[in-house]
Structure formats: structure tokens, C-alpha cells
Amino acid sequence: MKTRNVWILTGLLILTAYGLLRFRIFLIMSGSMAPELPVGSIIIVDTLQADVETGDIISFLLLNEAIVTHRISGGSSSGWITKGDANEDVDSVRVKQENIIGIVVLTIPHPFRSLCYLFVIMAGIDSILKIKRRRTT
């Protein structure tokens, strides 16, 4: 079991290093996508996959700059219709293509909670870098 965890951690670190160009890592902090993505799960999002379709789980940016991960349940001329698997209703905001961060390609369920702290720190660093980039533009 320990060998498996080492390989998973090594793989995540490689993805993180490669992620500077392609992948983003997020921590699931709500139950809206349970049971598929339970609270505490880590997801890897491929930012270069632009061709989304109904059934894909995507991460997207809302107008208030919050990041949400939900499943595409349909499409319309005004954008994609999304819904959390555990939610009764579809999301009230339609997701435009330019607000899609990417498609979820890997999920690490909550038993790996010890790694969550590492990714929370990484997410904080990512946020700080974004703020610095905004100030320079």
C-alpha cells in the first residue's frame, strides 16, 4: 500500500510540474457533486480540452471569480447548462465557452486526505501568483 501511495504522489507531482502549462488541481469543497466527487476529493482538470459535451464534468469560472465543478447536463444558445449531481435543480447561470477552465480527467477520492493539505497550499500559491499577474497588467 505504501508503494502505491508513493507512485500516486510521484504522479501527482509530475502532473503538477506539467500543470504549469496544461493541468490545474482543485480540491472539492462542497457536496454538490457527491457521490462522484465527495468533499475532500482532489481533481485534475485538463485546461487544453476545449471540446466539451453533455455528461462531461467541467470546472468553470463564475462572474464573481468563484470556480465551480459540475456536470454538463445540456446546451443552449446562451451557453452550457450545468448541474451538480447531488443538486435537484440545474445551475441558474449558463456557462459560456470562454469561462470553461477544463474537463476533469482524474479524481483522487477523499481517503488521500493527507495530500489535501499539500494541494490547499498549492492553490494558495496559485492564487497569489494570479493576483500578482493582475497587478502587472
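Rules and cut-offs
- Residues numbered from 1 in each chain as written.
- Predicted model: local features only at pLDDT ≥ 70, side-chain atom pairs only at ≥ 80, totals over all residues.
- Heavy atoms only, no water.
- Helix = DSSP H or I, 4+ residues; strand = E, 2+ residues; numbered from the N terminus.
- Buried < 20%, exposed > 50% of the residue type's maximum accessible area, 1.4 Å probe, protein only.
- Contact = heavy atoms within 4.5 Å.
- Areas by Shrake-Rupley, 256 points an atom, 1.4 Å probe, with all protein chains shown as cover.
- Salt bridge = Lys/Arg side-chain N within 4 Å of Asp/Glu carboxyl O.
- Patch = residues over 30% accessible without salt bridge, like charges linked within 9 Å, V, L, I, M, F, W, Y side chains within 5 Å.
- Polar contact = N/O pair within 3.5 Å; in protein donor to acceptor, adjacent residues only side chain to side chain.
- Pairing = 2+ DSSP bridges.

**Student:** Help me out: how do you make sense of the overall build of the chain in this one?
**Tutor:** Across its full length, the chain holds two helices and six strands. Each helix and strand of the chain, placed in order from N terminus to C terminus, yields the pattern α-β-β-β-β-β-β-α. Across the 137 residues that make up the chain, the buried fraction comes to 34%. The long-range fraction of contacts in the chain, counting pairs at least 24 apart against all pairs at least 6 apart in sequence, stands at 53%. When the accessible surface of the chain is totalled, it reaches about 8700 Å², and 61% of it is carbon and sulfur.

**Student:** Which parts of the structure should I look at to understand the pattern of salt bridges?
**Tutor:** Once the charged atoms of two side chains with opposite charge are near each other, the side chains can pair. Across all of its chains, the model carries three salt bridges by this definition. Across the salt bridge formed by Asp46 and Arg22, the nearest N and O atoms sit 2.7 Å from each other. Here Asp46 is found in strand β2 (residues 42–46), whereas its partner Arg22 is found in the loop between α1 (2–19) and β1 (23–27), with 24 residues between them in sequence. In this structure, Glu36 and Arg71 form a salt bridge, with 3.4 Å as the shortest nitrogen-oxygen distance. A residue pair is termed long-range when its members are at least 10 positions apart, and Glu36 in the loop between β1 and β2 and Arg71 in strand β4 (residues 67–76) qualify at 35 residues.

**Student:** I keep staring at a nonpolar patch on the surface and nothing clicks. Help me out?
**Tutor:** Residues Ile121, Ile125 and Leu129 make up a contiguous nonpolar surface patch of roughly 280 Å² in combined accessible area. Summarising the element assignment, Leu129 is placed in helix α2 (residues 113–136).

**Student:** How should I be thinking about the side chain of Thr69 in this particular structure?
**Tutor:** Counting through the fold element by element, Thr69 comes out in strand β4. Taking the relative accessible area as the measure of exposure, Thr69 reaches 11% and is therefore buried. Reaching out from Thr69, the side chain makes a polar contact with the side chain of Ser59 at a distance of 2.7 Å.

**Student:** Can you walk me through the pairing of strand β3 (residues 57–61) in this structure?
**Tutor:** Summarising burial for β3: four of the five residues are buried, a large majority. Relative to β4, β3 runs antiparallel, the two being bridged by five bridges. In the sheet register, Leu61 faces β4, and the bridge partner there is Ile67. Once β3 ends, the chain turns through five residues before running back antiparallel as β4, passing Glu65 with a positive phi of about 70°. Bridge count between β3 and strand β6 (residues 100–108): three bridges; the pairing is antiparallel. Bridge pairing in β6 places Phe60 opposite Ile100.

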